[in-house]
Amino acid sequence: MPERIATTSDCAKCAALCCVAYPSDDMPGFAASKRSGEPCPRLAPCGTCTIYEDRERLGFGGCIAYDCFGAGQFVTQALSHSGAQPGRTVATQAMIDRFLLVRPAFDLLRLAQRLADDNLPPEHESRRVSIVRSLEDALLTGDPASVEHVLLPAKAALRDLYAARSMQNRKGNLNSRRAHALVG
Ligand code: SF4
Ligand code: SF4
């Protein structure tokens, strides 16, 4: 199934939303203090990080570890009406609010997409596809209520799916150990 929403971050197409949206209390490995909606003191007005290569050394290692899984560019592209170049768009409050809302959905979408490489049995694959579709549909409506509505069911379904996969892997390992014991 082709993916309709990318879950790989593309910072060049984003208004540096992660550098603005979060309060520093929610940013581990962030050596500054700021409120949600306030730009990081290391962010240049053009939307680039002024200490990019030195973040670890200066106490901003959390920024290196952080990944929005595509939420940043998705929201920037959806809500940017300025005609500005991608990556030069200024984060608006509407973008920040939307980013904070959709970010958990991108985490779930990423987890569901990752399972595509696992050669799941057909019934599990069909559940996986249904989770991906529900998340993508909600995100593509652009309606915050739709995103909120889908989060809990998608999370529960994904947890079940990962548990089923883990059980299947354990059985597979057991069978392979038994086979190994028989022939070895
Ligand atoms: S929000 Fe995501 S895409 Fe935007 S700058 Fe941060 S990591 Fe990059
Ligand atoms: S240190 Fe750089 S990457 Fe980290 S939040 Fe500030 S501007 Fe963004």
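This text goes with the structure placed above it.
Residues numbered from 1 in each chain as written. Chains lettered and ligands numbered in written order. Predicted model: local features only at pLDDT ≥ 70, side-chain atom pairs only at ≥ 80, totals over all residues.

S.K.: An account of the site of ligand 1 is requested, with residue identities and associated values reported.
M.R.: Lining the immediate environment of ligand 1, one finds Ser9, Asp10, Cys11, Cys14, Ala16, Leu17, Cys18, Cys68, Gly72 and Gln73. When grouped by side-chain class, the residues that make up the shell around ligand 1 number six nonpolar, three polar and one charged. (Near = placed C-beta within 6 Å. Nonpolar A, V, L, I, M, F, W, Y, C, P; charged D, E, K, R; others polar.)

S.K.: Tell me about the environment of alanine 112, and please be specific about residues and values.
M.R.: For alanine 112, the position within the fold is in helix 3 (residues 93-114). A tally of 26 C-beta atoms within 10 Å means that alanine 112 is categorised as buried. Along the sequence, alanine 112 and valine 132 sit 20 residues apart, while their C-alpha atoms lie 6.2 Å from each other. Apart from residues lying up to four places away in sequence, alanine 112 is in contact with Arg128, Ile131, Val132, Leu135 and Leu158. (Helix = DSSP H or I, 4+ residues; strand = E, 2+ residues; numbered from the N terminus. Buried ≥ 20, exposed ≤ 12 C-beta atoms within 10 Å, placed from the backbone. Contact = placed C-beta atoms within 7 Å.)

S.K.: Hey, could you go over the packing of helix 3 against helix 4 (residues 122-141) for me, with residue numbers and the actual values?
M.R.: Between two packed helices, what matters for the description is the angle formed by their axes and the separation of those axes. Following both chains from N to C, one finds helix 3 and helix 4 inclined at 150°, their axes separated by 9 Å at the closest point. Considering the angle they form, helix 3 stands roughly antiparallel to helix 4. Crossing hand, helix 3 versus helix 4: left-handed. The segment helix 3 lies against helix 4, with Val102, Ala105, Leu108, Leu109, Ala112 and Gln113 engaging Arg128, Ile131, Val132, Leu135, Glu136, Ala138 and Leu139. (Axes fitted to C-alpha atoms, helices over the stretch in contact; angles between N-to-C directions. Parallel < 35°, antiparallel > 145°, perpendicular 65-115°, else oblique. Left-handed = near helix turned anticlockwise from the far one by under 90°.)

S.K.: How would you explain the site of ligand 2 if you had to name every residue and give the values?
M.R.: What surrounds ligand 2 is the set Cys19, Cys40, Arg42, Leu43, Cys49, Ile51, Arg55, Phe60 and Cys63. When grouped by side-chain class, the residues that make up the shell around ligand 2 number seven nonpolar, no polar and two charged.

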